[in-house]
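Observations on the three-dimensional arrangement
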Amino acid sequence: LSQNFPNPFNPATSIEFYLPQAEHAVLEIYNMLGQRVNTLVDENVAAGYKSVVWEGQDYSGKAVSSGIYFYRLSTETKEIIKRMLLIK
């Protein structure tokens, strides 16, 4: 799981990750309270590099507020969490 770029961001940021083998992957965004804001990936992903764009929106498509957010990549073998900053 790479650091998102740009960081800080407004209005969108890219998140990249690499899987050495095909497996189920879940990429989720959380706020500072630990509440899930959005799920960007929840599917079987082929081996290799994957890039996803988050446009600072929640599940309903509503823009989220400025602040620190966490993104978590979970696979069958790993879980990695990183931090990002949204500035408006």
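Up top you'll find the structure we're talking about.
Source: prediction; values computed, not measured.

Considering the sheet that holds strand E2 (residues 23-30)
- Overall, antiparallel pairing links the 4 strands, which are arranged E3-E2-E5-E6 in an open sheet. Across the chains shown, the open sheet's two edge strands, defined by having one partner strand only, are strand E3 (36-45) and strand E6 (79-86). This sheet shows a mean twist of 15° between the axes of neighbouring strands, independent of strand direction.
- Alignment of E2 against E3, held across 8 bridges, turns out to be antiparallel. Paired with Tyr 30 across the strands is Arg 36, a residue of E3.

Side note on the nonpolar core
- Within the largest apolar cluster, 18 residues are counted, with the highest numbers of intra-cluster contacts made by Phe 17, Leu 27, Ile 29, Trp 54, Tyr 69 and Met 84.
- Elements supplying a minimum of two residues to this core: strand E1 (13-19), E2, E3, strand E4 (48-54), strand E5 (67-75) and E6.
- In this structure Met 84 touches Asn 4, Asn 7, Phe 9, Thr 13, Ile 15, Ile 29, Trp 54, Gly 67, Ile 68, Tyr 69 and Tyr 71, once residues within four positions along its chain are discounted.

About the thresholds
- Residues numbered from 1 in each chain as written.
- Predicted model: local features only at pLDDT ≥ 70, side-chain atom pairs only at ≥ 80, totals over all residues.
- Heavy atoms only, no water.
- Pairing = 2+ DSSP bridges.
- Helix = DSSP H or I, 4+ residues; strand = E, 2+ residues; numbered from the N terminus.
- Axes fitted to C-alpha atoms, helices over the stretch in contact; angles between N-to-C directions.
- Core = buried A, V, L, I, M, F, W, Y, C linked by side-chain atoms within 4.5 Å.
- Buried < 20%, exposed > 50% of the residue type's maximum accessible area, 1.4 Å probe, protein only.
- Contact = heavy atoms within 4.5 Å.

Distances and angles like these do not, on their own, reveal function.
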